[in-house]
Amino acid sequence: MTDGDRDTSPEQVWLVAANVVRWRRYGDGGQELRPGTKSYRGGSKVHVVSTYPGTAHEQLTTIGRGRHTGTYITIDMATRNLHTFRAVPVHSPAVLRLWTEAGVGGCRPSREDAEEQAVLLERLAAEYRATSWGSAHPLPCRCHECLTLSPG
C-alpha cells in the first residue's frame, strides 16, 4: 500500500477543549460587559489548535462553531476569553479536517501533552482575566470571575 492509497486523516486526536466565557469585560477600564465574543457565543465549546508561546500564550488558535453561522470556524482569540480547559479526544471529521488544514497535522499531541497544556492555559487564562483591566469591576458585574465567585 502506498501513501496515496492510505487515508491520512486521523481517526482521533487529543486536543485541549475550553468554553467561551459567558460575559467578558469590554471598553474603557472594562466597565462594559459583552456576552461571549464577537465570533463565539458565551459557553460555546472550542478546541485549541495551537498557542503562541513567544507571546506567553496570550493568543491561541481555536476551532469552534461560529456565533452567526453555526458552522465550524478557525480563529485566533485571546486566552482570557476562555475557561475550563481540559484534554478531550476529538473524533469529529469537521474538527479533524480544520485541525489538519491549520498546519499542525504533522504533530499529534498525546493525552499527557494535552492535559499538561490544559493546566497551563487554565492558569494563564485566569491570570490574564485578573490583570487585563486595571480598574474595579462594574456593579453589578457578571464577568467570569464574579459569576464563579457568587454563591448562587
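Our subject is the structure that appears above.
Below you will find a few notes about this structure.

### A short note on the sheet that holds strand 7 (residues 82-90)
With antiparallel pairing, five strands are arranged side by side in an open sheet as 6-5-4-1-7. This sheet does not close on itself; its edge strands, each paired only once, are strand 6 (72-78) and strand 7. On average, adjacent strands in this sheet sit at an angle of 40° to one another, irrespective of strand direction. As judged from the seven bridges shared by strand 1 (residues 13-20) and strand 7, these two strands associate in the antiparallel manner. Looking at strand 7, one finds that valine 16 is bridged to alanine 87.

### Structural notes on the environment of arginine 22
In this structure, arginine 22 sits in the loop between strand 1 and strand 2 (23-26). As for arginine 22 and glycine 42, which are separated by 20 residues in sequence, their C-alpha atoms are 3.9 Å apart. The contact partners of arginine 22, leaving out residues within four places of it in the chain, are Arg34, Pro35, Gly36, Gly42 and Gly43.

### Some remarks on the environment of threonine 84
Among the secondary structure elements, threonine 84 is positioned in strand 7. Judged by its relative accessible area of 37%, threonine 84 falls in the partly exposed class. Separated by 63 residues in sequence, threonine 84 and valine 21 place their C-alpha atoms 9.3 Å apart. The contacts of threonine 84, once residues within four sequence positions are left out, are Ala17, Ala18, Asn19 and Glu122. A polar atom in the side chain of threonine 84 sits 2.5 Å from the side chain of histidine 83.

### Details of the pattern of salt bridges
If you walk through the whole model with that rule in mind, you get three salt bridges. Between arginine 97 and glutamate 101 there is a salt bridge whose closest N-O contact spans 3.3 Å. With arginine 97 and glutamate 101 both in helix 1 (residues 93-104) and four residues apart, this pair spans about one turn of that helix. One salt bridge connects glutamate 115 with arginine 111, and the closest N-O pair in it is separated by 3.0 Å. In this pair, glutamate 115 and arginine 111 both sit in helix 2 (residues 111-131), four residues apart, roughly one turn of the helix. Assessed through its relative accessible area of 43%, arginine 111 is described here as partly exposed.

### Re the nonpolar core
One finds Val16, Val46, Val48, Leu60, Leu82, Phe85 and Leu121 to be the most contacted residues of the largest nonpolar core, which totals 15 residues. Listed by contribution, the elements that provide at least two residues to this core are strand 1, strand 4 (45-51), strand 7 and helix 2. Among all residues touching leucine 82, those that are not within four sequence positions of it are Ala18, Asn19, Val20, Val21, Val46, Leu60, Thr62, Met77, Ala125 and Arg129. Val13, Val49, Val95 and Leu98 belong to the second largest nonpolar core, which has eleven residues in total.

Quick notes on the rules
Residues numbered from 1 in each chain as written. Predicted model: local features only at pLDDT ≥ 70, side-chain atom pairs only at ≥ 80, totals over all residues. Heavy atoms only, no water. Pairing = 2+ DSSP bridges. Helix = DSSP H or I, 4+ residues; strand = E, 2+ residues; numbered from the N terminus. Axes fitted to C-alpha atoms, helices over the stretch in contact; angles between N-to-C directions. Contact = heavy atoms within 4.5 Å. Buried < 20%, exposed > 50% of the residue type's maximum accessible area, 1.4 Å probe, protein only. Polar contact = N/O pair within 3.5 Å; in protein donor to acceptor, adjacent residues only side chain to side chain. Salt bridge = Lys/Arg side-chain N within 4 Å of Asp/Glu carboxyl O. Core = buried A, V, L, I, M, F, W, Y, C linked by side-chain atoms within 4.5 Å.

These figures come from the coordinates and say nothing about function on their own.
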